[in-house]
Amino acid sequence: MKGVKNVRIVLVLFALLALVANPVMQAQDEENPAIAILSFGRTALNELTRTGILDMLQAYQFINADERALLNDFQDLEGERVNIIWGDGGMDLPTANLMVEDALDRGADVLLPLMTPVAQIAANLTFDLEQPPLILFSVVSAPYAAGIADSPCLKPPHIAGTQAQVPFDQIVSLLRAQQPDISQVGIMVNAAEPNSVNGLKQIRKHGEALGLTVEDAPIASLSDVPIAAETLMDKGIEALMISGSSLEVRGIPAIIEVAAEYSVPVFSPAVGNVNLGAHVGAGFNDFYREGVVVGRMLTAHLEGSVDVAALSINALPSLGVALNLDTAAEAGISFSDELLAMADSVIEGGKSTQDRKPPSLPDMSLEERRAADLEFLAGLACTDEMVAEQQAALDAAAG
């Protein structure tokens, strides 16, 4: 109960700060704050997250309609209230590293890295800085395995964000929904990507809990992907599950080509990968909300109404399921009635049944939005009890 009391105290403090703060002139000294939105690569799902961030900045009047139009075209902005730097890593680690370094050289006050590799790079480049920029990450499935933080409340004070928590237990269970007697599944792993290593760990854990044998094959470059796929097929796997590495995502067409020769279904822990040819996409499916959550942290920081150092890392899992009937048919794969019934959308005849209506913020006044957002952030406040519990858990795991 003491922890709940502490959260309520923080909520009251947040509300008082919001009342004192002028909603129009906040966190502005002599220069506009520079915000760098840094994506590991441009994808439809990452664009949903970026849209959520920009929607929040516009709702709080940090950018106007004309400035938003420029940002929608992926242009940098020197705005009336904030400056925006846009970066695209092209799904390439060296390029992503240079992108983050460039943002730091340009004096970015806030870094908004999208996806684990960029968040890891941003964290590593700022750990030892005397005055590091604020880092608010999103679309990161494995922040703790990546060394970005130790736990939700045990983290560097300049880092916060939201974890795209992938429900691997539910995803792995789909293997049985498709093929009840399945006994062997294959997975590739890129040791250089923490989210891939974590994906292997989770898939092995939940797969073995279901009595499955999990075969793995290493990859270190894009050319390794089809070779690893062949290696796994030769081991007699009955399904291939992607770990989540960027190499696999880029290599999905090659994976699908190999899998089609063996009529082996390919499962991906990212719903949108069915658009690249994966037979089954099942995973975290609330990318717009990722941007909104980071936008809440960002706008509260810009208004001076929250101490980001006191916020825990947000995490709320979601599961979506999509099927590519076209590539499955080409591979001679028929989906089970159970899996078909679970699908939120399918691709058939080159068209998706997914709702094309873009997500948007709920309609409310700025005052109502600010109150709701501050209440949400108060729920992320780290209490002394939470810090102690998380430290004890880490100590127990280490000892």
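Look up: the structure comes first, before these words.
Overview of the structure. (Residues numbered from 1 in each chain as written. Predicted model: local features only at pLDDT ≥ 70, side-chain atom pairs only at ≥ 80, totals over all residues. Heavy atoms only, no water.)

### Regarding the nonpolar core
Counting 92 residues, the largest nonpolar core has Leu57, Leu111, Leu112, Leu136 and Leu175 as its most contacted members. When near neighbours in sequence (up to four residues on either side) are disregarded, Leu111 contacts Ala36, Leu38, Val100, Ala103, Leu104, Ala122, Pro133, Leu134, Ile135 and Leu136. The next biggest cluster of nonpolar side chains, apart from the first, holds 19 residues, and it includes Ala229, Met233, Leu247 and Ala259. (Core = buried A, V, L, I, M, F, W, Y, C linked by side-chain atoms within 4.5 Å. Buried < 20%, exposed > 50% of the residue type's maximum accessible area, 1.4 Å probe, protein only. Contact = heavy atoms within 4.5 Å.)

### Concerning empty space enclosed by the protein
Enumeration according to the criterion identifies three cavities of 30 Å³ or more in this entry. Estimated volume of the largest cavity: approximately 50 Å³. Around the largest cavity, the lining residues are Val271, Gly272, Val274, Asn275, Ala322, Ser345, Ile347, Ser352 and Gln354. Of the residues contributing to the lining of the largest cavity, the split by class is four nonpolar, five polar and no charged. (1 Å grid on protein atoms, 1.4 Å probe; cavity = no way out; pocket = protein on both sides within 12 Å on 5 of 7 lines; lining within 4 Å. Points joined across faces, edges and corners; volume = space filled by probe spheres on them. Nonpolar A, V, L, I, M, F, W, Y, C, P; charged D, E, K, R; others polar.)

### Concerning helix 2 (residues 44-59)
With 16 residues, helix 2 extends 22 Å between its outermost C-alpha atoms, agreeing within 8% with the 22 Å of an ideal straight helix rising 1.5 Å per residue. Taken together, the buried positions of helix 2 are Leu45, Asn46, Thr49, Arg50, Gly52, Ile53, Leu54, Asp55, Met56 and Leu57. Where helix 2 ends, the next residue or the one after it, Gln61, has phi of about 65 degrees, a positive value. (Helix = DSSP H or I, 4+ residues; strand = E, 2+ residues; numbered from the N terminus. Expected span 1.5 Å × (residues − 1).)

### As for the packing of helix 4 (residues 93-105) against helix 5 (residues 116-126)
Where helix 4 contacts helix 5, the axes come no closer than 10 Å and their chain directions differ by 50 degrees. By the angle class used here, helix 4 and helix 5 are oblique. When the axes of helix 4 and helix 5 are compared, the crossing they make is right-handed. Where helix 4 abuts helix 5, its residues Leu93, Ala96, Asn97, Met99, Val100, Glu101 and Leu104 lie against Pro117, Val118, Ile121, Ala122, Leu125 and Thr126. When grouped by side-chain class, the residues that make up the contact of helix 4 with helix 5 number ten nonpolar, two polar and one charged. (Axes fitted to C-alpha atoms, helices over the stretch in contact; angles between N-to-C directions. Parallel < 35°, antiparallel > 145°, perpendicular 65-115°, else oblique. Left-handed = near helix turned anticlockwise from the far one by under 90°.)

### Examining the side chain of His206
Structurally, His206 can be placed in helix 7 (residues 194-209). Sequence-distant contacts of His206, that is, excluding residues within four places in its chain, are made with Phe168, Asp169 and Val172.

### As for the sheet that holds strand 4 (residues 110-114)
One open sheet holds the seven strands; their spatial order is 2-3-1-4-5-6-12, and the pairing between them is mixed. Each having just a single partner strand, strand 2 (77-78) and strand 12 (314-315) make up the two edges of the open sheet. The sheet contact formed by strand 1 (residues 34-39) and strand 3 (residues 83-88) spans six bridges and is parallel. Following the sheet pairing, Leu38 is matched in strand 3 by Gly87. Against the sheet, helix 2 makes contact with strand 1, strand 3, strand 4 and strand 5 (134-140), and its axis sits at roughly 150 degrees relative to strand 4, the strand it touches most. Relative to strand 1, helix 4 is tilted by about 180 degrees, and along the sheet it contacts strand 1, strand 3 and strand 4. (Pairing = 2+ DSSP bridges.)

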